[in-house]
Amino acid sequence: MPVDVLEGLNSAQREAVETTEGPLLIVAGPGSGKTRVITHRIAYLVRVCGVSPYRIAAVTFTNKAAKEMRDRLQRLLGARGQGLTCGTFHAFCATVLRRDGRPVGLEPNFVIYDEEDQVDLLKRTMEAAEVDSNRYPVRGVQSAISGAKSVLLDPGGYAARATSPYEKVVARVYERYQHLLARNQAADFDDLLLKTVHLFQQAPEALAKYQSRYVHLLVDEFQDTNVAQYALARLLASQHRNICVVGDPDQSIYSWRHADIRNILSFRRDYPDAKMVSLAENYRSTKTIVAVAKHLILPNRSRVEKDLYTRRELGPPVAVHEAFNEEEEAVWVVQEVDRLVRQDKARRSECAVMYRTNAQSRAFEEACLRYGIPYQLIGGVRFYQRREVKDIIAYLRMVHNPDDEVSLRRVINVPPRGIGARTLDEAARWAQAASLPLHGALEALACQEGDGPSGAAPPLGTRARAAVQGFLQLLERLRQEAKSLGVAGLLDRAVELTGYRRYLLEGEERGEEQWENVLELRGQAKDLEESVPAAEGLARFLERVALVADVDNLDESKDALTLITLHQAKGLEFPVVFIAGLEEGLLPHVRSLDDPEALEEERRLCYVGVTRAKERLYLLRAFRRHIMGSTKPATPSRFLMDVPAEFILAAPRMAPDGWMKQAPGPAAAAPTGGPLPFRAGDKVRHGKFGDGIVVNCVPSDADHEVTVAFRGDAGVKRLLASYARLEKLA
DNA sequence: ATGTTTATTATTTTT
DNA sequence: TAATAAACAT
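Residues numbered from 1 in each chain as written. Chains lettered and ligands numbered in written order. Predicted model: local features only at pLDDT ≥ 70, side-chain atom pairs only at ≥ 80, totals over all residues. Heavy atoms only, no water.

> How should the environment of Leu 193 be read in this particular structure?
Relative to the elements of secondary structure, Leu 193 occurs in helix 9 (residues 189-202). In the structure, Leu 193 is positioned 13 residues away from Ala 206 in sequence and 15 Å away in space, judged by C-alpha atoms. Not counting the four nearest positions on each side in its chain, Leu 193 is found in contact with Phe 89, His 90, Cys 93, Asn 226, Ala 228 and Gln 229. (Helix = DSSP H or I, 4+ residues; strand = E, 2+ residues; numbered from the N terminus. Contact = heavy atoms within 4.5 Å.)

Here it is, written out as structure tokens:
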């Protein structure tokens, strides 16, 4: 009866699923059915080996991946999957620390600081430590500390290793920063991992509890783990040694987030008896695309050999197109999408444009708007990062954890209630002197209870005192009401008592939209109330907003062209993929040009993009590119040189109908577009821009580029003759 | 305490 | 170029 979990698997996949005992390393190429293998392996453990789901942990990097895994397991196991631990590293650690974090200084109600909160706190740390933030940019220090934490160095360990003056300064800041976090009952993202490892090292009974529980451990996206995460996985697995890691070194693109591919080497060193299974058959892409991907990644030195292949058809050749500039690159793509859709070759939702930097999306958005192509821009400001959302969350966080000073400072004057920088400075100074937490100092000051500890300094003016008093009363009231209200109700009260709605709607530029976001947040709180006991509601809600960032993700039901960065595209697939900006300095990015390892990562990024494509792949570059205010000539990316000519069809500027049917062949010389259709001085009319005068007209590939000065708001535009449909006026 | 002007600085961003 | 932060004036 239970053999069907093996059905439809190829032999390598089957081997991976059936290897249930001992350490296992699965190297999974793109499109090789990785998620399928993981889920089937879990199903196999439960249904064939009779392992209780309670004893299995599957750890992923993203909530999206975790959710997909849960959904698929639901289908495979139904109710028999109950009790499985499946989530991100960070979520797992947060759970452990809420329950058992006291030995490492965390109360169950600790808050989780995101990067913005981290930077806020660091700024103040550096001020207090008198470190000049011009000489030591906060972002840099933040990254250094994060890097230290990712390799499990605490302030002492880091200080001991610090050699350069810069590192010594960082060490000083790091030490104080950790003190402040502790005083705030807060952990940043890196702390979640670091503190869990420390907990396991310092409290053997805590480790024993989790070690004995998890008989089987699976780690997905292993190429993106950092040292701390790997250490954690090893600790967890050390009793039963059933650790299965799945990854693809060729798709490691997060070293700048301290992911360390060397973990794969460490794994082999730490588990010399590990079995290795390579999933090399690709089910996603055509032969052409797989071949291009292979050639592209081949020059990388640090690789684990893996011979990707597919049994799929050859498919159309890869189209390489050189546009004049980013604007025309975008127009070309948008028109090509439109053509594919009109000719029924693809639906819009099956097409994606991928690029290295977010700034590149702009030209594509404009082109989509101009040609009326619906699009979906992925990325940008994440929902929980939005100012108005974070403000509301800050109120909730203060209710939950009075020590959270970052939240306190964030909203003490939002909406404005007359507590400015001066008052706050005074309170902070006072708190310091009396060694009180900030909220304690504010309370003391508001009651005017005596003078400073030294008996001197008359504290606040009456006006400021009243304001502070008002704020504290507001908080107190919220805390009282929180006892009898759900999260949504509490949120409502916070909004009401602060007048936040009016503040947005009357004071802010995008108030309407911001208010919508607050309502969206409220909706989520309401949803959560349905499934969580009221007593845990607030804690669970705060946990979720801290650790889940993907509310606004790809909507597959929308019939729109997807615009997405290469990084975000990892894990996705599309029948039609356009990779834009294949130019030196962009892909590979300038900041990687002098570093061979960084260059390899850029190459992997490009590889990730190529391997997203199922049927059709387009590689684009511009001849000139507008970057940071000035236009510069661009040279073709070295990655383009690694695509063998036999797979390329040099796409003509205007794709004539059916050109995709042509046989692949070497790039043909660009034809010219015949006699000039316009001359400077001609009067013309354009459907959208109205009347204008031709300034210039030059041949451009198979077409003509016409520069027209329009009379209306349109100004001077450069258009392609065959698309602009300019009407010549007498 | 808050609105205005100037200066600065620009990859990627799973948690 | 354009967004954002810090400095500045009111």
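Picking up after the structure, the text goes on.
> Would you mind showing me how to read the pairing of strand 15 (residues 574-579) here?
Looking along a regular strand, one sees the side chains alternate between the two faces of the sheet. Counting buried positions along strand 15 gives six out of six residues, so the element sits mostly inside the fold. With four bridges joining them, strand 12 (residues 351-355) and strand 15 adopt parallel strand pairing. Residue Ala 352 lies in a different strand from strand 15, and its bridge partner there is Val 577. Inspection of the sheet shows strand 15 paired to strand 16 (residues 613-622) by five bridges, in the parallel sense. Bridge pairing in strand 16 links Val 577 to Leu 617. Handedness of the β-α-β unit built from strand 15, helix 26 (residues 596-610) and strand 16 comes out right-handed. (Buried < 20%, exposed > 50% of the residue type's maximum accessible area, 1.4 Å probe, protein only. Pairing = 2+ DSSP bridges. Right-handed = clockwise from strand over helix to strand, strands pointing away.)

> I would appreciate a short explanation of helix 2 (residues 34-47) in the present structure.
Quick reminder: α-helices carry 3.6 residues per turn. Residues three or four places apart thus point the same way. Here helix 2 contains 14 residues, and its C-alpha end-to-end distance of 20 Å stays within 8% of the 20 Å for a straight helix at 1.5 Å per residue. Within the sequence span of helix 2, burial applies to Lys 34, Val 37, Ile 38, Thr 39, His 40, Arg 41, Ile 42, Ala 43, Tyr 44, Leu 45, Val 46 and Arg 47. (Expected span 1.5 Å × (residues − 1).)

> Looking at this structure, how should I read the sheet that holds strand 19 (residues 648-650)?
Hydrogen bonds along the backbone pair up the strands of a sheet, which may run parallel or antiparallel. Pairing within the open sheet is parallel, and its seven strands lie in the order 13-14-12-15-16-11-19. Single-partner strands in this sheet number two, and they are strand 13 (375-377) and strand 19. Across the sheet, the mean angle from the axis of one strand to that of its neighbour is 25°, orientation sign disregarded. Where helix 15 (residues 361-371) meets the sheet, it contacts strand 12, strand 13 and strand 14 (561-565), and its direction lies at approximately 155° from that of strand 13. Along the sheet face, helix 26 touches strand 12, strand 15 and strand 16 and points at about 145° away from the line of strand 15. (Axes fitted to C-alpha atoms, helices over the stretch in contact; angles between N-to-C directions.)

> How should I be thinking about the sheet that holds strand 2 (residues 56-60) in this particular structure?
With parallel pairing, the six strands of this open sheet are ordered in space as 3-2-6-7-1-8. Sheet topology places strand 3 (85-88) and strand 8 (275-279) at the edges, where each strand pairs with a single neighbour. Recorded for the sheet is a direction-independent mean angle of 15° between the axes of neighbouring strands. In this structure, strand 6 (residues 216-219) lies alongside strand 7 (residues 243-247), joined through three bridges in parallel fashion. Residue pairing in the sheet places Val 219 in a bridge with Val 245 of strand 7. Against the sheet, helix 1 (residues 11-18) contacts strand 1 (24-28) and strand 8, and its axis sits at roughly 145° relative to strand 8. Where helix 3 (residues 63-77) meets the sheet, its contacts fall on strand 2 and strand 3, and the angle it forms with strand 3 comes to roughly 155°.

> Explain the pairing of strand 11 (residues 318-323) here, please?
For strand 11, the tally of buried residues reaches five of six residues, placing the bulk of the element in the interior. Bridge count between strand 11 and strand 19: three bridges; the pairing is parallel. The partner of Val 320 across the bridge, within strand 19, is Ala 650. Here strand 11 pairs with strand 16 via five bridges, running parallel. The residue of strand 16 that forms the bridge with Glu 322 is Arg 621.

> Just checking my understanding: could you explain the protein's contact with DNA strand C for this structure?
Around DNA strand C sit Lys 123, Arg 362, His 626 and Gly 629, and that is every residue in its neighbourhood. Considering the 4 Å shell around the protein, atoms of DNA strand C inside it are sugar or phosphate in 67% of instances. Taking Arg 362, its side chain carries an N or O atom lying 3.1 Å from a phosphate oxygen of DNA strand C. Of the residues assigned to the surface near DNA strand C, the class counts are no nonpolar, two polar and two charged. (Near = heavy atom within 4 Å. Polar contact = N/O pair within 3.5 Å; in protein donor to acceptor, adjacent residues only side chain to side chain. Nonpolar A, V, L, I, M, F, W, Y, C, P; charged D, E, K, R; others polar.)

> Whenever I open this one, the state of the cysteines confuses me. Can you help?
In a disulfide, the sulfur atoms of two cysteines are covalently bonded to one another. Following the criterion strictly, the structure yields zero disulfides and no others. Its sulfur unpaired, Cys 93 is 15 Å from the next cysteine sulfur, which belongs to Cys 86. On the accessibility criterion, Cys 93 (0% relative accessible area) is buried. Unpaired in terms of disulfides, Cys 606 finds its nearest cysteine sulfur in Cys 351, a separation of 19 Å. (Disulfide = S-S within 2.5 Å.)

> Please clarify how the side chain of Asp 248 should be interpreted in this entry.
Position of Asp 248 among the secondary structure elements: in the loop between strand 7 and helix 12 (262-270). Of the residues examined, Asp 248 reaches a relative accessible area of 2% and is grouped as buried. There is a polar contact of 2.9 Å between the side chain of Asp 248 and the backbone nitrogen of Asp 250.

Geometric values such as these leave the question of function open.
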